[in-house]
Amino acid sequence: MVMEVALGGALGAPLGGSPAVLAVSSKFISLTAAGISQGAIVALAAVGFLLVYKATGVVNFAQGDLITLGAYLALWLTRDFDAPILAAYAGAIALMFLIGVVLERVAYAPLRGRSIHVVVIATLGAAIVIRTVIALWLGASPVALDSPARGHLWRVGGAAIPLQRIVIVVVTLLVVAGLTWLFGPTAFGRQVRALAADRETARLHGVRSARLSMVAFGLSAALAGLAGVLIGPANSSFDITLGFSVMLGGFAAAILGGFGSLTGVVIGGFLIGLVEQLFGGYVLRDYRGAYPFLLMILVIALRPQGLLSGRAAHERL
Amino acid sequence: MSASEPGTTARPEAGGPGPAAGPAEPPRPPAFRGHPYLLILAVLAGLYLVRLWRTEGLAEENLFNTWLFMSCLVVGFWFVFGVAGQFAFSQAAFAGLGAYTAAWMTGNDHPFELAVVVAVLVCVAVALVFALLVRRAEHLYFAIATLGLSEVLLLVFRSWEGFTGGGELTNIAPISLFGWEVSGPDRDQRAFWLFLGLLGLLLALATALQRSPVVREAIAVRDKPLVAASAGLPGVRIRATFLALGSGIAGLTGAFLVHWRGSVTTEQFGVDLGLAVFLMLILGGMHSKYGPLLGAWFYVYVEHGLRDSSDYLEFLEDGPLHGVYTFSENLDQYWPILYGSVLVVVMIALPDGLVGIGSRLAHRLTGAGGDARSTGPLARLGLTGLGDVAARLRRGRAAAPAPAPDRPGPPGAAAPAGPDTTTPATTDTTTPATADTSAAGPADEAAAGASARAEPAGVSSPPAGPGSESLAAAGGPAGSPPAKGEGGGSAVQERAPAPAGAVLTARSIGVSFGGVRAVDAVDLTVGRGEVLGLIGPNGSGKSTLLNAMTGVVPAEGTLEVAGAPVPLGKPPRVRRAGLGRTYQTPQTFTALTCIENVLLGVPDRRRMGIVAGAVARPLVLADERRRWAAAQAALERVGLPDHAERPAAGLSHRDQRLLELARALVGEPKVVLLDEPSAGLNATETEELCALLTGLRAEGLSLLVVDHKIDFITELCDRVVVLELGRVIAEGDPHGIWSDQRVVDVYLGVPPEPADADAVDVEAVP
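To keep things clear, this report deals only with the structure shown in the data block. (Residues numbered from 1 in each chain as written. Chains lettered and ligands numbered in written order. Predicted model: local features only at pLDDT ≥ 70, side-chain atom pairs only at ≥ 80, totals over all residues.)

**Considerations on the environment of L44(B)**
So the rule is basically this: Starting at the N terminus, helices and strands are each numbered in turn, a helix being any DSSP run of H or I of at least four residues and a strand any DSSP run of E of at least two.
Within the fold, L44(B) resides in helix α2 (residues 36–54). Note: C-alpha distance between L44(B) and G580(B) (536 residues apart in sequence) is 46 Å.

Right under this line is the structure:
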């Protein structure tokens, strides 16, 4: 099952004379790889809510629990229907799209144009409901989701990198490229940008903001589903808090990148992953989970507009 | 610590109800009247009776104590979110910090009293550091940052073995306050007295602060941070104070909780409780300090009730739901669904919470006015608070003014050729203002404007020396009652320290929005006692220039007020230097009364903090009386003498403008910037405003007026500066300016067409 890669041997050979150096470098490599894949996970979670934020101005704090729901839907499809794993993934993502559309109608349409307080608290309320429904339906005990890449390792310079994590990095980059295109030259992107610039004028010019909002929520939930079926198997097991903690990292990444920028959030995500894994790999390992948030608070203190962008930061807040 | 303690706090408050104590003494502000502490005692007594009447057995007593404990925690959060509007998810985590700190202290054989004090201090310190770090964060960022802080604290609880024992602690010593232990057979009885006393103390503290200036200021900072800053309020300090206060209370309750329960786990302080605190506050009603009691009751008792409703659900399962759905064994598993849904529904449909419903009903029944400073829909918080003002001010720019270039002007650069200000009596140049002459004004001006336009050949170059010609023009149709003129003379002498020359000197003011140069190297001087008009087409940068000078948009350039350099980008300092302002859309604080709006602008800020508000009541009362008198005088000055205790929410557009003006005037400013003061006013109201402003000028006040009503500008101003595309294109006498072809061109386009001057008023606010 283990996939040996020639590159790993090639890199390892010159250093082979000194096991200590090899150990140090392999630790560095594996931490870097973990950081990059952690960053990809965070970024994948974050692009989902950025999509909705850019299209509707709603910051969806329930996005993390939608990610959890995506993972559990895939689990349910494989467990109860014996669906092939990739079909279960596809089914989960499709179901998530529908759930997103329904949620938009039921829970989020009434929130449009409300103050940020109302939106944050109501979406957090929705998050609790989603999480509890999952727990009641499929149980709160830890579960594991299968994946074709599960168990495969990629050896680089003495470090073993789970293939699932490489898949996540690749998919994240593809998704971001796709979203960048979607927000760019497409009709969808034009309408979204028009709404972002001036909601009323855009509507007067025929932009169907309600339909756009439904599409955005559907796509966002589908992205959450995609994130769920990818992130779930990256953990040996997970429970109903899977998405929420990933989501917090996603918010931190969004702040680092200057809320609203897709490129920014990806770079912010990688930065968070690398700081958590690389810095946390060497210093106060028990507390490395705190590093993303300390970094975020530091960025808010020093550069509240985000590391990259000067202007997107506080738009519409 | 017993339930009767709040009563002792109440004693100094026994002032006579009703208005002023004597004719000579300034009136007792309404916050100092009445007996609100009696209500607290009544509530506590009611709680005691409910416990006697309804509570039997250990389980129920325990539940009752949990309710009181949660109420205390949420009252703490009421300070953070209900009063100061800060979106903090960290309340539960701070309770945890207090709990673990206190447990660590007592675990190391320190007395419980010391442990509680240390726990509170640790929480206050962490909250202050955090608040200062994220001081520039707006609502959403602040919310996310507090979520992050919660995660960090929880991680510390879980990982720091030496401090928290890995999160799980048992066998914690019982509460022992000066020998009085919460243990033994009547443990729950004693815990009840303890939490009842704690709740009473916290409610008394809330009342004391509501009756001191600090809550008024916190509400202002919450609702309109930028306007509050421009009125001179230290927003960061006020927000940090309230976060620290609420977090300290959280630490206090946490410390009591662990020593009451005897054990602690990390999970109980997670984000779930942080969100539950929101639910309790919002459901109960965040605008009343008693709301937390109702919200906590719902949270504690409904969850418990769910657990006890299995009989009913078994009936459902056997009957209508047979074979369709089987309920979970543990019914409290459904609890999060219920409270999550309640949260969503309440946020959408019931933003004022249960107390809000109650007070609305009471309103309808009695027709009595509520407590204006603490009532009002939640929507106001976010919508008018930020969405409206800030968007308008910043035009989509980053919220926090970036650290502005802090370049004081060259010291010798005070404007050289100001008007001869040794004559405070501009009154002698005024003509008697009667309704007739004012009414005649517009027609005259229209004629003058028309004639000016008719001969565009006579282009006059803008006068070179800013300020130098102002007195020449001061003979314009200004009006002031003689009596006011005399009063004004003395006012000028009081404000004497400013050197002769310009009161306001702005040099090379520049503002860029992205690639747009909204204001480009504008120099501006307002002479002493001068009224300078600033006109220009829409988008020419007038309001942006005002915002730049008052520090609410990032700008470069230098600013001097009365010869002293003032750093740009710091609204409170600009205000303290003597620069007042009003806004294009009137910015009043609708959650406050009229006089409270004006009080915000009073520069005397002694004893405004929470410590003074809580313990130094007589001194605060004396200060408040003085401030109150000043604010009342400002209200009278603008013609709103009877409005003091009316809520600002119901004011007409005109009165809102006047109220705003009173707030700008109360600090005895050296110069007031008026942004379209006549917008939205009808002809009569505009005339009245013109007479009022002319009277202020006669008292020696300098004004910078942006407006679109040409007759208003012509009648009022000594000198006019015309702005176009962020640059000054002309400057001069308000009558002569219309003979400048460039001015005519920018206003009317090329070729010029005759137009009604009134029609230019297109930015009138609905």
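**Details of the pairing of strand β9 (residues 671–675) of chain B**
All names here are of chain B. Counted only if it meets this: Here a residue counts as buried when 20 or more other C-beta atoms fall within 10 Å of its C-beta, as exposed when 12 or fewer do, and as partly exposed in between; the C-beta atoms come from the backbone. Between any two strands, pairing holds if DSSP finds at least two bridges. By the criterion used throughout, a crossover qualifies as right-handed when its path from the first strand across the helix to the second strand runs clockwise, the strands pointing away from the viewer.
Taken across its five residues, β9 has five buried, putting it largely inside the fold. Neither face of β9 is exposed, since V671, L673 and D675 on one face and V672 and L674 on the opposite face are all buried. One ladder, built from three bridges, connects strand β8 (residues 579–581) with β9; its direction is parallel. Residue pairing in the sheet places G580 in a bridge with V672 of β9. For the segment spanning β9, helix α27 (residues 683–698) and strand β10 (residues 702–706), crossover handedness is right-handed.

**Thoughts on the sheet that holds β10(B)**
All names here are of chain B. Threshold: Each axis is a line fitted through C-alpha atoms, and for a helix only the stretch in contact is used; angles between axes span 0 to 180 degrees, taken between their N-to-C directions.
If you trace the six strands from one edge of the open sheet to the other, you get β8-β9-β10-β5-β11-β12, paired in mixed fashion. At either end of the open sheet lies a strand with only one pairing partner, and these are β8 and β12 (727–732). Each neighbouring strand pair of the sheet contributes to a mean axis angle of 20°, computed without reference to strand direction. Pairing of strand β11 (residues 719–724) with β12, which is carried by five bridges, proceeds in the antiparallel orientation. Residue pairing in the sheet places V720 in a bridge with G732 of β12.

**What about the nonpolar core?**
Most often, soluble globular proteins keep nonpolar side chains buried together rather than apart. Quick reminder of the rule: Joined through C-beta atoms within 7 Å, a set of buried Ala, Val, Leu, Ile, Met, Phe, Trp, Tyr and Cys residues constitutes a nonpolar core. Contact between two residues is assigned whenever their backbone-derived C-beta positions fall within 7 Å.
One finds V47(A), M96(A), I255(A) and A662(B) to be the most contacted residues of the largest nonpolar core, which totals 332 residues. Tallying contributions element by element places helix α2 (residues 19–56) of chain A first for this core, with 19 residues. Excluding residues within four positions of it along the chain, V47(A) makes contact with V175(A), V176(A), L179(A), L223(A), L262(A) and V265(A).

**A word on the interface of chain A and chain B**
Note the threshold: Polarity classes work like this: nonpolar for Ala, Val, Leu, Ile, Met, Phe, Trp, Tyr, Cys and Pro, charged for Asp, Glu, Lys and Arg, and polar for all others, with Gly in that last group.
At the interface, 40 residues of chain A touch 42 residues of chain B. Those elements that place two or more of their residues in the side of chain A that touches chain B are α5 (116–138), α10 (242–257) and α12 (291–302) of chain A. A per-element tally of the side of chain A that touches chain B places α5(A) first, with 15 residues. Tallied by class, the residues present in the side of chain A that touches chain B amount to 30 nonpolar, seven polar and three charged.

**Points about the sheet that holds strand β3 (residues 502–513) of chain B**
Residues and elements named next belong to chain B. Here we have four strands laid out as an open sheet, ordered β4-β3-β6-β7, and antiparallel in their pairing. With one partner strand each, in any of the chains shown, β4 (516–527) and β7 (564–566) form the two edges of the open sheet. With direction set aside, neighbouring strand axes in the sheet form an average angle of 20°. Sheet analysis places β3 next to strand β6 (residues 556–561), joined by five bridges and oriented antiparallel. Residue pairing across strands places A506 opposite L559, the latter belonging to β6.

**Details of the environment of S30(A)**
Residue and element names in this part refer to chain A. Positionally, S30 belongs in helix α2. C-beta crowding within 10 Å serves as the criterion here: with 19 such atoms nearby, S30 is assigned to the partly exposed category. On a C-alpha basis, the gap between S30 and R155 in space is 9.3 Å, while along the polypeptide they are 125 residues apart. Once residues within four sequence positions are removed from consideration, S30 is found in contact with A159, A160 and I161.

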